[in-house]
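Next come the chains, spelled out residue by residue.
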Amino acid sequence: MTRKLPLAAATLAAAASLLPALPAAAAPPRDPVTFTVASFNILGSNHTEHSSEWALGPRRARWSLRWLEREKVGVVGLQEAQVDQMRVLTRGGAWRAFPSPATSTNTQTAQSVAWKSARWELVRATTFTIPFDLDQQREQPVVLLRHRRTGSLVWVISVHLTSGGGPEAVRERAIGTKRLIDVVEALEEKHVPVVVTGDMNARDELFCRVAGLTSLVSPAGGWHDESCSPPQAMHIDWIFGSPGIGWSGFRYADDPLLDRITDHTVPVVTATLGRRAS
């Protein structure tokens, strides 16, 4: 059962109280867990339905699945994903996703978290709501996954913030970022690693707010102590994670297959739970 977090009016303490209690398996894992995570705006079907440049969404979803398998991605945050695309990605059961495309609308699946079902199982799933695209309220998924072999737990969030440079778009991004930060702070109290993925439609200002107001770090680099120093290379798509996660091999993927799928580069990185990657 999912529950929305009404963070627009809630205090941080109230937000924390709405999050599900962790099972006893939250103890540190016996063995480290290494997996590849990506943040993937797959260019929604609604954007290419009548395009002469792009293939239809379901076809590009099949290419997306090929890319995910080629890169050995185990957990991915998706943005713009429409129901028809998520049905392709989850067909056959090798991938599971929240929200489920079987019971969700396009505006719900547009922000999804997906995982390889052979390696991960769903423990909890919830959402929080942010303003989006000037006239909508969009649910953002928050998923607790358990590694099947070790029992290691990780929270994964997928976010899509409003694009554009007008004052209303800037205001909506600020509200969305604040609500994300509130959720991350509440999750950090659970002492389970957090991974945030998203098409944030922002660069240095997004990094400085997230890194300055939470303990999260970016595998792209940068730091925040008394001042903010963003990563040297920044795109609008991001991955952040708890400081106890080890990172290696971060890059913005951009290759001929991706060029047929999306108009975004895709941040991808290897994450290690239980120890820092060497």
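Residues numbered from 1 in each chain as written. Predicted model: local features only at pLDDT ≥ 70, side-chain atom pairs only at ≥ 80, totals over all residues. Heavy atoms only, no water.

Enquirer: Explain the nonpolar core here, please?
Expert: Of all hydrophobic cores here, the largest spans 26 residues; its most connected members are Ile157 and Val196. Elements represented by at least two residues in this core include exactly strand 6 (120–132), strand 7 (136–147), strand 8 (153–160), helix 6 (167–188), strand 9 (194–199), helix 7 (204–213) and strand 12 (237–241). Sequence-distant contacts of Val196, defined by excluding residues within four places in its chain, comprise Ile157, Leu180, Val184, Leu216, Trp238, Ile239 and Phe240. Formed by 22 residues, the second largest nonpolar core is a distinct cluster that contains Ala55, Ala97, Ile261 and Val268. (Core = buried A, V, L, I, M, F, W, Y, C linked by side-chain atoms within 4.5 Å. Buried < 20%, exposed > 50% of the residue type's maximum accessible area, 1.4 Å probe, protein only. Helix = DSSP H or I, 4+ residues; strand = E, 2+ residues; numbered from the N terminus. Contact = heavy atoms within 4.5 Å.)

Enquirer: I tried to follow the pairing of strand 9 on my own but got confused; where do I start?
Expert: Two faces, one strand: in a regular strand the side chains alternate between the faces of the sheet. By the criterion of burial, strand 9 is predominantly enclosed, with 6 of the 6 residues buried. Taking every second residue as pointing to the same face, both faces of strand 9 are buried, with Val194, Val196 and Gly198 on one and Val195, Thr197 and Asp199 on the other. Pairing between strand 8 and strand 9: 6 bridges, direction parallel. Within strand 9, the position partnered with Trp155 by the bridge is Val194. (Pairing = 2+ DSSP bridges.)

Enquirer: What is the right way to look at the sheet that holds strand 5 (residues 111–116) in this model?
Expert: Sheet strands line up and pair through hydrogen bonds in the backbone, either parallel or antiparallel. Strand order across the open sheet formed by 6 strands is 4-5-3-2-14-13, with mixed pairing between neighbours. Each of the sheet's edge strands pairs with one partner strand only, and the pair in question is strand 4 (95–98) and strand 13 (246–253). Between one strand axis and the next, the sheet turns through 20° on average, direction left out of account. The pairing of strand 2 (residues 33–41) with strand 3 (residues 73–79) spans 6 bridges and is parallel. Counted as the bridge partner of Thr36 is Val73 from strand 3. Of the strands in this sheet, strand 2, strand 3, strand 4, strand 5, strand 13 and strand 14 (266–273) are in contact with helix 3 (residues 57–70), which crosses strand 2 at around 150°. On top of the sheet, helix 4 (residues 83–90) reaches strand 3, strand 4 and strand 5; it is set at about 145° to strand 4, its chief contact. (Axes fitted to C-alpha atoms, helices over the stretch in contact; angles between N-to-C directions.)

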